[in-house]
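# Fold and geometry: a report
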Amino acid sequence: MAKEVIYRKDYKAPDFLVDNVSLEFDLHESKTLVKSRIEFKKSNADATDCVLYADDLIFISVSMNGELLSIDDYILSENELVVKNAPDEFFLEVENEINPKANTSLSGLYYSSGNLTTQCEAQGFRRITYYPDRPDVMAKFEVTLRGNKENYPILLSNGNLIDSGNLEDGRHFAKYEDPFKKPSYLFALVAGKLDHIEDSFTTMSGKKVALKIFCNPGNVNKCYHAMASLKKAMKWDEETYGREYDLDIFNVVFVDDFNAGAMENKSLNIFNSSCALADPITAVDAEYQFIETIIGHEYFHNWTGDRITCRSWFELTLKEGLTVFRHESFGESVQDRDVNRIGDVVKLRNIQLPEDLSPMAHSIRPDSFVEIENFYTGTVYEKGAEVIRMMKTIIGDENFRKATDLYFEKFDGQAVACDDFVSCMAEASGFDFTHFKLWYSQAGTPIVTSTGEWDKINRTYKITLTQENKPTNNQKEKLPLFIPVKMGILNHEGQEIDLILNGKNLGKETVLHFTEEKTEFVFEEVHSQPVYSLFRDFSAPIIHKNKLEDEDKYFLVKHDTNPFCRWDILQQLSMDILLKSIHDEMVEVPENFIEAFRIILSDENISNSMKATLLTLPSEKEIESNCEFIDHQIIHKVRQEFISLISIKLHEEMMDVFGETYSKKEYDVSAEEIGRRSLHNICLSYLCANGEKGSIHLAEHQYFHADNMTDQYSALNILVSKAGERTAEIVLDNFYDLYKDDISGFNKWLSAQARRDIDNITDKLREIMQYEKFSITNPNNVRRLMGSFAMFNANRFHTEEGYKFLTDVLISLNTINPNIASGLVDHMCSFSKFKEENKEIILRELKRLRSIDKLAPNLQEKIDNALKAV
Ligand code: ARG
Ligand code: ZN
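Residues numbered from 1 in each chain as written. Chains lettered and ligands numbered in written order. Predicted model: local features only at pLDDT ≥ 70, side-chain atom pairs only at ≥ 80, totals over all residues. Heavy atoms only, no water.

Spatially, β4-β8-β7 is the arrangement adopted by the 3 strands of the open sheet, whose pairing is antiparallel. Each of the sheet's edge strands pairs with one partner strand only, and the pair in question is β4 (50–53) and β7 (74–76). The sheet shows a mean angle of 15 degrees between the axes of neighbouring strands, direction not considered. Bridge count for β7 against strand β8 (residues 80–83) is 3 bridges, and the pairing is antiparallel. Residue pairing in the sheet places tyrosine 74 in a bridge with valine 83 of β8. (Pairing = 2+ DSSP bridges. Helix = DSSP H or I, 4+ residues; strand = E, 2+ residues; numbered from the N terminus. Axes fitted to C-alpha atoms, helices over the stretch in contact; angles between N-to-C directions.)

Below you can see the structure in the form of structure tokens.
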């Protein structure tokens, strides 16, 4: 049955609330028995039917207040159990059975590599038992787990362990009580053979919290980075938001089969092991950094998500946007601030911007959906975080803190809406957010164009801003948004001047409120030709078309006091060159661009990590977003040639820096060392861009002698793309031999294979999918292979063979794991600007997929949107 569209405007508070739930699990991998006791209270006097949701359950029985209900008292369907004529207060006892082993969707309770694990957000709890599975029903949970002691020595659930002991037949039990009310999506259980490490954290009020991290046997030595990150995050949340942890224990579990990155279940966070385990031999620097922030993310959810949650899934950004904002701020404070901020913007441009340009474009708080799983997106998460950041930029740090304090005080223990959050921002600061709130409902990325005009006679400098909000698939009419513009003005010596607007001196940096389609800001007492610096620190999620002369842009690359803007303007210069080269089908790199790179390479005042960031060109994906017409092969070719030209012109400089950044020091993950390695490796990749023998030799040497994965994997990828097929085969085989038994190493190998620029790539990848080590039921394997192929090998993916291959894989995944399939189908759904022949093939393949039996609703929603947009 096709799922229906549901609308935010139809939200209705629940008819029945639940005070207490107790659950009993008789755990078994293929036959788990679940018994619940749910205490209901009517909250809508007119209601008669009490609805419990279900998905893929085997019903056994239901009784009310201790009496078995007869078939006339309820209606049982595939997705609902409706109890008729429900009284004002009663308790239900329901029994059902589930099969965790058959659950390859990894939603609900599932069996993976010997362990039983849950994932309940968004609607997985109804795959465990009959329940009013919606986030605005918050209850206290008591959970009893029973299972075979040998297979499942560790039994975990939310909250405090209140009882445990042995049972007959080699079984044992554990009973947990979570004193905090929570929605069912935050329920979790884990049962299995797990090792663990432990530590503790003393909170600001002096309470000692026991911290435990559980992992598959043999991996404990890879858990220490996560533990250190957790303690940092706990401290940071106390210092930055005054948030203290609220239970005596905090457990974290790492599992290998997991759809998402991680999940914030109350006091029992569960992580995809690929976002958690790290040691120098198998993890790269970027993973260390990612782990630090995602550990933060899930921990921060305890307040922004668990204590205060969303009243419906339309409000998802309430918890996700805010928590991403919190983890990004945490990242900025514990890692290199500016490089980190740039990294987050790069992510937005690579992941979120394409969403806004796609048929699935949606606002951070969508108005409708078919399948909520399709809305765990860059828009809801990362753009949602930018919206929070803008509010902070507008009202200032102090007011923002007052506002979050107010939010925690007012709404603790409740399920609320985005409007409630914004109302706290308004109340604490006195600022009127009415216009600003359009960011919650309007989809699309505004394009802001800026020009500057100096009036020599009146000594004024006029900055003119215009914003264009293009229609998106779901919303044709757009209004101007409230855009905060953090800015400054530089004189010709590169010094910031006083900003005088309407006779008022605003200091050297200010935030302009740009709220109309076009606004002129006239600054006074500007005594010489200046240059503006706008959108400092990326103060709004927009596309900035800066109409300054190239000369001024290069001036800003050198002189802007805002590191983000220096980077951004250089990106814009690269993009201009790339777009022109694509248009002319000929690459020419102006001398001032090379000169800018040369200066960066030798500038002692720029950190190594910032240098590496500055020297990285926009990705192919970003280029696509800027093209009116997309030819993937040309984009790829032009970008590669651009890199080659830089390599030729700056060979000597790159060689020097490559040498200077070589070190024999033992591996550590300090910001400084990470920066050194990243500059070292980016120089190596430039040096090898033309496949020149001497440089390739350096890469080979690095590959075979590195003592850490960061250097080794960089060298591997360089060799695979630049050293010719024979060498590529040799190093890939060597890498496979070294790491095939390490999940993280094996996944890296998959990714390296998927990026190969070879003719028979799809045959090669189809062959790899048949390897014994490869499992199509493991989301990481699939994403590392298919995701990398589609995302990072556009040149080869956007071909008939590429589309056919993806479609074949999606057809298999449709029954195995629709969520993972849905994440991949995106790569074929935004084709409006593609070449005609590509469009035709995609349409054919999408129709092939659309017509299969039992197509999952998430795929259906995306394909139908894509086809509608034709
Ligand atoms: N709430 C989790 C997090 O962001 C992610 C859960 C993803 N769940 C899903 N159904 N897609 O931390
Ligand atoms: Zn989250």
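Having seen it, we continue.
Centre distance and the angle of the planes are the two values used to describe a pair of aromatic rings. Applying the stated criterion to the full structure yields 50 aromatic pairs. Aromatic side chains phenylalanine 564 and tryptophan 567 sit 5.6 Å apart centroid to centroid with 55 degrees between the ring planes, which places their arrangement in the tilted category. Pair noted here: phenylalanine 564 and tryptophan 567 are both in helix α9 (residues 563–584), with a separation of 3 residues, about one helical turn. The buried category is assigned to tryptophan 567, whose relative accessible area is 2%. Grouped by ring-pair contacts, the aromatic residues Trp236, Tyr241, Tyr245, Phe250, Tyr299, Phe300 and Phe330 constitute a single cluster. Across the ring face of tryptophan 303, the terminal group of arginine 243 is positioned such that the distance to the ring centre comes to 4.6 Å. (Phe/Tyr/Trp six-rings, centres within 6.5 Å; stacked < 30°, edge-to-face > 60°. Buried < 20%, exposed > 50% of the residue type's maximum accessible area, 1.4 Å probe, protein only. Lys NZ or Arg CZ within 6 Å of the ring centre and 35° of its normal.)

Further remarks concern the pattern of salt bridges. Under the defined criterion, the tally for this structure stands at 71 salt bridges. As a salt-bridge pair, lysine 31 and glutamate 97 come within 4.0 Å of each other at their nearest N and O atoms. Placement of lysine 31 in the loop between β2 (16–26) and β3 (32–42) and of glutamate 97 in strand β9 (residues 89–98) is noted, with a sequence separation of 66 residues between them. Here lysine 31 falls in the exposed class, since its relative accessible area comes to 52%. Under the relative-accessibility criterion, glutamate 97 is labelled buried at 18%. Shared partners join several salt bridges into a network, and the residues in it are Asp285, Lys665, Asp668, Glu673, Arg676 and Arg677. (Salt bridge = Lys/Arg side-chain N within 4 Å of Asp/Glu carboxyl O.)

With that out of the way, let us pick up the side chain of serine 450. Relative to the assigned elements, serine 450 resides in strand β25 (residues 447–455). In terms of polar contacts, serine 450 uses its side chain to reach the side chain of tyrosine 532, at 2.6 Å. Leave out the neighbours within four places in its chain, and serine 450 touches Thr464, Leu465, Tyr532, Leu534, His544, Lys545, Asn546 and Lys547. (Polar contact = N/O pair within 3.5 Å; in protein donor to acceptor, adjacent residues only side chain to side chain. Contact = heavy atoms within 4.5 Å.)

The next subject is the site of ligand 1. As a matter of local geometry, ligand 1 sits amid 15 residues, with Glu121, Glu264, Glu298, Glu373 and Tyr381 nearest to it. Contact between ligand 1 and glutamate 264: a nitrogen atom at 2.7 Å from a side-chain N or O atom of the residue. Side-chain polar atom of glutamate 320 to a nitrogen atom of ligand 1: 3.0 Å apart, as the coordinates give it. When the free accessible area of ligand 1 is taken as 350 Å², the share hidden by the protein chains comes to 90%. Here the shell around ligand 1 is built from residues that sort into 6 nonpolar, 3 polar and 6 charged. (Near = heavy atom within 4 Å. Areas by Shrake-Rupley, 256 points an atom, 1.4 Å probe, with all protein chains shown as cover. Nonpolar A, V, L, I, M, F, W, Y, C, P; charged D, E, K, R; others polar.)

Turning our eyes to something else, we now look at a negative patch on the surface. A surface patch of like charges, here negative, comprises Glu604, Glu652, Asp656 and Glu660. Tracing the backbone through its elements, the reader meets glutamate 660 in helix α14 (residues 651–660). Of the residues examined, glutamate 660 reaches a relative accessible area of 61% and is grouped as exposed. (Patch = residues over 30% accessible without salt bridge, like charges linked within 9 Å, V, L, I, M, F, W, Y side chains within 5 Å. Lys, Arg positive; Asp, Glu negative; His and termini not counted. Charge placed at Lys NZ, Arg CZ, Asp CG, Glu CD.)

This brings us to the coordination of the zinc ion (ligand 2). When four donors bind a metal tetrahedrally, each ideal donor-metal-donor angle is 109.5 degrees, and when six bind octahedrally, the ideal angles are 90 or 180 degrees. Those donors, His297 (NE2), His301 (NE2), Glu320 (OE) and Glu320 (OE), are the protein atoms that reach the zinc ion (ligand 2), and they lie 1.9 to 2.8 Å from it. In the primary structure, the donors to the zinc ion (ligand 2) are separated according to the pattern H-x3-H-x18-E. With a gap of 23 residues between them, histidine 297 in helix α2 (residues 285–300) and glutamate 320 in helix α3 (residues 316–334) connect regions that are remote in the sequence. Here the two residues histidine 297 and glutamate 320 agree in accessibility, since each one is buried. (Donors = N, O, S within 2.8 Å, 3.2 Å for Na, K, Ca; no water.)

Turning our attention to the environment of phenylalanine 271. By the element assignment, phenylalanine 271 lies in strand β21 (residues 268–272). For phenylalanine 271 and valine 669, which are 398 residues apart along the polypeptide, the C-alpha to C-alpha distance reads 21 Å. Discounting residues that sit within four places of it in the chain, phenylalanine 271 has contacts with Val252, Val253, Phe254, Val255, Phe258, Gly261, Ala262, Ala276, Ile294, Ile295 and Glu298.

Considering the arrangement of structural elements, one finds alanine 428 in helix α6 (residues 418–429). Alanine 428 gets classed as buried once you look at its relative accessible area, which sits at 18%. Taking the C-alpha atoms as reference points, alanine 428 and phenylalanine 400, 28 residues apart in sequence, are found 7.7 Å from one another. Residues contacting alanine 428, with those up to four places away along its chain left out, are Asn399, Lys402, Ala403 and Leu406.

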